[in-house]
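Working through the structure, step by step
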Amino acid sequence: LSDRFFPFEAIQTDAVLSLDEDTSLSTSEVDFAFLVWRSFPERIVGFPTQSHFWDPEQGRWGYTSRWTNELSIVLTAAAFYHRYYHSLFTEYLPAGLRELVDGLAACEDILMNVLVAAVTKLPPIKVTQRKQHKEVVAQQAECRDGAAGTPLPGQRSPSAPHAAPAKVEGTAGSRLFSQRQDCLNQLANWFGYMPLLSSQLRLDPVLFKDQVSVLRKKYPSLEKP
């Protein structure tokens, strides 16, 4: 999995658009995200987001994909970042850390976010999206009714629910959620602290959803459902 961030010689542009095979973005979404990235080339700029928080009851870091006012992770399933981070990921990180990621399902994007946050001391940036990413929707369905570690909207460090509903136990989505949460805690142990930083920032195009003529808007299609 970590080979996704290998510094291939074929990558000649500074900007890397990372996409999963099932990601669907419009040209307007890609164009606007790239425009934002050009203003913040040191940060990860993308669409689907997730967040971390400290769970005092469990004494460990929690992880959630539920929509809240905060974010600390932009999934590389649909994101722009600088190609320099490929070199850092492959050449700077200890081999044991990459092996850890390869041994866990869907953990490489968390490590990339942790790496960028550790280097920049800045959170990622979310941009407007017209379509919800498939993976995010699926994970939100798993967590919507109170999967372990899911915070309430607007809370920074909430306590996890005492028990997750029986209907999510043993499901593939629940196992994936648990693996990603374990990944987050193991990475924090490796770094000796939690590099991820939370943000409440989302960037929208000028005049986004303003009551003006669409002829004055550069990205009117982003407002469509």
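Our structure is the block above this text.
Residues numbered from 1 in each chain as written. Predicted model: local features only at pLDDT ≥ 70, side-chain atom pairs only at ≥ 80, totals over all residues. Heavy atoms only, no water.

Turning our attention to the pairing of strand β3 (residues 49–55). Counted residue by residue, β3 has six buried out of seven residues, so it is predominantly covered. Sheet topology note: the β3/strand β5 (residues 73–74) ladder contains two bridges and is antiparallel. Across the sheet, the residue bridging to Gln-50 is Ile-73, located in β5. If you look at the hairpin formed by β3 and strand β4 (residues 60–64), you'll find four residues sitting between the two strands, and Gly-59 has a positive phi there, around 70 degrees. (Buried < 20%, exposed > 50% of the residue type's maximum accessible area, 1.4 Å probe, protein only. Helix = DSSP H or I, 4+ residues; strand = E, 2+ residues; numbered from the N terminus. Pairing = 2+ DSSP bridges.)

Now for the environment of Gln-129. By the secondary structure assignment, Gln-129 is in the loop between β7 (125–127) and α5 (134–143). On a C-alpha basis, the gap between Gln-129 and Glu-29 in space is 6.3 Å, while along the polypeptide they are 100 residues apart. Residues in contact with Gln-129, not counting those within four places in the same chain, are Glu-29, Phe-47 and Pro-48. (Contact = heavy atoms within 4.5 Å.)

Formed by 33 residues in total, the largest nonpolar core has its most connected members in Met-112 and Leu-187. When residues of this core are traced back to their parent elements, those giving at least two are β5, β6 (78–82), α2 (84–92), α3 (95–103), α4 (108–120) and α6 (172–191). Looking at which element gives the most residues to this core, the answer is α4, with seven residues. Excluding anything up to four places from it in sequence, Leu-187 contacts Leu-97, Leu-100, Ile-110, Leu-111 and Val-114. (Core = buried A, V, L, I, M, F, W, Y, C linked by side-chain atoms within 4.5 Å.)

An order of β4-β3-β5 is seen for the three strands of this open sheet, with the pairing classed as antiparallel. A single partner strand is all that each edge strand has here, and the edge strands are β4 and β5.

This part takes up the state of the cysteines. On inspection of all chains with the given rule, the structure shows one disulfide. Sulfur-sulfur distance for the disulfide between Cys-107 and Cys-183 comes to 1.6 Å. Here Cys-107 and Cys-183 share a disulfide; its torsion about the S-S bond, 55 degrees, makes the bridge right-handed. With Cys-107 in the loop between α3 and α4 and Cys-183 in helix α6, the pair connects residues that are 76 residues apart, well separated along the chain. (Disulfide = S-S within 2.5 Å.)

Let us now look at the packing of aromatic side chains. On inspection of all chains with the given rule, the structure shows eight aromatic pairs. Consider the rings of Phe-34 and Phe-80, whose centres lie 5.6 Å apart with planes at 45 degrees: the pair is tilted. With Phe-34 in helix α1 (residues 27–39) and Phe-80 in strand β6, this residue pair connects regions lying 46 residues apart in the sequence. Judged by relative accessible area, which is 32%, Phe-34 ranks as partly exposed. With a relative accessible area of 6%, Phe-80 lands in the buried category. Taking the centre distance of 5.9 Å and the plane angle of 50 degrees together, the rings of Tyr-84 and Tyr-85 count as tilted. Judged by relative accessible area, Tyr-85 falls into the buried class, the value being 3%. One aromatic cluster in this structure is built from Phe-5, Tyr-81 and Phe-89. (Phe/Tyr/Trp six-rings, centres within 6.5 Å; stacked < 30°, edge-to-face > 60°.)

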